[in-house]
Amino acid sequence: MSRWAALPAELDPRVRQLVVRLRRLKDHSGLSLRQLAARTGYSQKSWERYLGGRSLPPREAVEALARAVDEEPTRLLALHEVAAEAWRNGRRGATAVEPEQEPLVAPEGLSVEAIGPRSPGRSLRFALVAGAVALVLALSTAVLLVVRLSGGGPAQPASPLVATGGQSSPAVSASMPSASASPSAPAYTCRPERVDGHWYAGLSRTRDAILANGHAGPEVAEAQCLLRRAGISPGVIDGIFGPATERAVRQVQRRAGLVVDGIIGPHTWKALRQ
């Protein structure tokens, strides 16, 4: 696994979430930055800025990376939609400009003329699809939260699923409600048990939901229970990802030799469930 430099401390958690996901996909593919540049048409220096959190990658670059590593792009584009909104809000009224569109660099064996210009219509279609996915996820998560708060059933709801290429994937956690969305946190009970060599706390069976400071829900409570089982205190088991939970996540990431970013993703889930 590559040892990445720490992301800027002031980076918005939603942008950080996208960058961490892109870093992991690049690491898993085994591609170097030079190879990634050749396959995507974006320069090596551009990817250094994008993966270093210094510049927000354009939507087309995210889509190109997904194609290069054979990843279904829908989820990445939904993450990018949320990150782009946070990026714009963070720079509204400042002197910074929108992330630049890098000129195309021909991939291996092709000329720029062969790959052609980027199509605005194609980008618009992806933007509409990603926006629709994000809206559906936000609505479904809000309904589940209302049911929980109104005592509408003893069962803990599983993570909402999104169809991606004929398979089901956990919903993008960026659409989860923040802790401020609920006036009072629901109570959660940890029921740790080991199943097929993995630990579960009875609140969620997810292994790849992406959670960060500000998120709330049963997936967060599941992570808090597993952190406590590992001997690391996340504070109150309230399903709210706050500073105490983030400190506990960083501690377990250091213990497992992972990238210490305070964000729970597939690698951190694996460490928690071992």
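Quantities reported herein were computed from a predicted structural model and do not represent experimental measurements.

Two elements in contact, helix H2 (residues 33-40) and helix H3 (residues 44-51), have axes whose closest approach is 8 Å; the angle formed by their N-to-C orientations is 110°. When the axis of H2 is compared with that of H3, the two are roughly perpendicular. Across the interface between the two elements, Leu33, Arg34, Leu36, Ala37 and Thr40 of H2 pack against Gln44, Trp47, Glu48 and Leu51 of H3. By residue class, the composition of the contact of H2 with H3 is five nonpolar, two polar and two charged.

If you walk through the whole model with that rule in mind, you get seven salt bridges. With a shortest N-O distance of 2.9 Å, arginine 273 and glutamate 222 are connected by a salt bridge. Remark: glutamate 222 occurs in helix H8 (residues 218-229) and arginine 273 occurs in helix H10 (residues 266-273); sequence separation between them is 51 residues. Of the two residues, arginine 273 and glutamate 222, neither departs from the other in class, the shared state being buried.

Right, let's get into the side chain of histidine 80. Positionally, histidine 80 belongs in helix H5 (residues 73-91). Given the relative accessible area of 6%, histidine 80 is considered buried. Beyond its immediate sequence surroundings of up to four residues, histidine 80 is in contact with Leu18, Leu56, Pro57, Pro58, Arg59 and Val62.

Here we take up the packing of aromatic side chains. The way to describe two aromatic rings as a pair is by their centre distance and the angle between their planes. Applying the stated criterion to the full structure yields two aromatic pairs. Relative to tryptophan 47, the ring of tyrosine 42 has its centre 6.4 Å away and its plane inclined at 70°; by these criteria the two rings are edge-to-face. Centre to centre, the rings of tryptophan 47 and tyrosine 50 are 5.4 Å apart; their planes meet at 85°, and the pair counts as edge-to-face. In this pair, tryptophan 47 and tyrosine 50 both sit in helix H3, three residues apart, roughly one turn of the helix. This pair shows no difference in class: tryptophan 47 is buried, exactly as tyrosine 50 is. Through pairs of rings, three or more aromatic residues link up here, namely Tyr42, Trp47 and Tyr50.

On to H2. Regarding H2, the residues found buried are Leu33, Leu36, Ala37, Ala38 and Thr40. Where H2 is buried, its residues touch helix H1 (13-29), H3 and helix H4 (59-68). Backbone geometry just downstream of H2 places glycine 41 in the positive-phi region, at approximately 85°.

A complete count under the given rule lists one disulfide for this structure. Shown here is the disulfide that connects cysteine 190 with cysteine 225, its sulfur atoms set 1.9 Å apart. Taking the torsion about the S-S bond as the criterion, the cysteine 190 to cysteine 225 disulfide, at about -80°, is left-handed. With a gap of 35 residues between them, cysteine 190 in the loop between strand S2 (167-170) and strand S3 (193-195) and cysteine 225 in helix H8 connect regions that are remote in the sequence. We classify cysteine 190 as partly exposed; its relative accessible area is 29%.

Now for the layout of surface pockets. Rolled over the atoms, a probe with the dimensions of a water molecule shows which regions are left empty. For the second largest pocket, the calculated volume is near 280 Å³. As for the second largest pocket, its lining consists of 19 residues, of which Trp4, Arg23, Val259, Val260 and Asp261 are closest to the centre. For the lining of the second largest pocket, the leading source of residues is H1, giving six residues. Within the lining of the second largest pocket, the residues separate by chemical class into 10 nonpolar, two polar and seven charged.

Further remarks concern the packing of H1 against H10. The interhelical angle for the contact between H1 and H10, taken along N-to-C directions, is 80°, at an axis separation of 11 Å. By the angle between their directions, the pair H1 and H10 is classed as roughly perpendicular. Residues Arg21, Arg24 and His28 of H1 form the contact with H10, whose own contacting residues are Pro266, His267 and Thr268. Considered class by class, the residues forming the contact of H1 with H10 number one nonpolar, three polar and two charged.

Now for unusual backbone geometry. Even without glycine at this site, aspartate 70 takes up a positive phi of about 60°. With respect to the helices and strands, the residue aspartate 70 is situated in the loop between H4 and H5. Using a relative accessible area of 73% as the deciding quantity, one classes aspartate 70 as exposed. Positive phi values are uncommon outside glycine, yet aspartate 196 reaches one of about 50°.

Next up on the list: the nonpolar core. Val15, Leu22, Trp47, Leu56 and Leu65 are the most contacted members of the largest nonpolar core, which has 33 residues in total. Broken down by secondary-structure element, the contributors of at least two residues to this core are H1, H2, H3, H4 and H5. Ranked by residues supplied to this core, first place goes to H5 with seven residues. The contacts of leucine 22, once residues within four sequence positions are left out, are Leu51, Pro57, Val62, Leu65 and Leu76. Core analysis: the next-biggest nonpolar cluster, separate from the first, contains 20 residues, Leu227, Phe241, Ile264 and Trp269 among them.

What counts, and at which threshold
Residues numbered from 1 in each chain as written. Predicted model: local features only at pLDDT ≥ 70, side-chain atom pairs only at ≥ 80, totals over all residues. Heavy atoms only, no water. Axes fitted to C-alpha atoms, helices over the stretch in contact; angles between N-to-C directions. Helix = DSSP H or I, 4+ residues; strand = E, 2+ residues; numbered from the N terminus. Parallel < 35°, antiparallel > 145°, perpendicular 65-115°, else oblique. Contact = heavy atoms within 4.5 Å. Nonpolar A, V, L, I, M, F, W, Y, C, P; charged D, E, K, R; others polar. Salt bridge = Lys/Arg side-chain N within 4 Å of Asp/Glu carboxyl O. Buried < 20%, exposed > 50% of the residue type's maximum accessible area, 1.4 Å probe, protein only. Phe/Tyr/Trp six-rings, centres within 6.5 Å; stacked < 30°, edge-to-face > 60°. Disulfide = S-S within 2.5 Å. 1 Å grid on protein atoms, 1.4 Å probe; cavity = no way out; pocket = protein on both sides within 12 Å on 5 of 7 lines; lining within 4 Å. Points joined across faces, edges and corners; volume = space filled by probe spheres on them. Core = buried A, V, L, I, M, F, W, Y, C linked by side-chain atoms within 4.5 Å.

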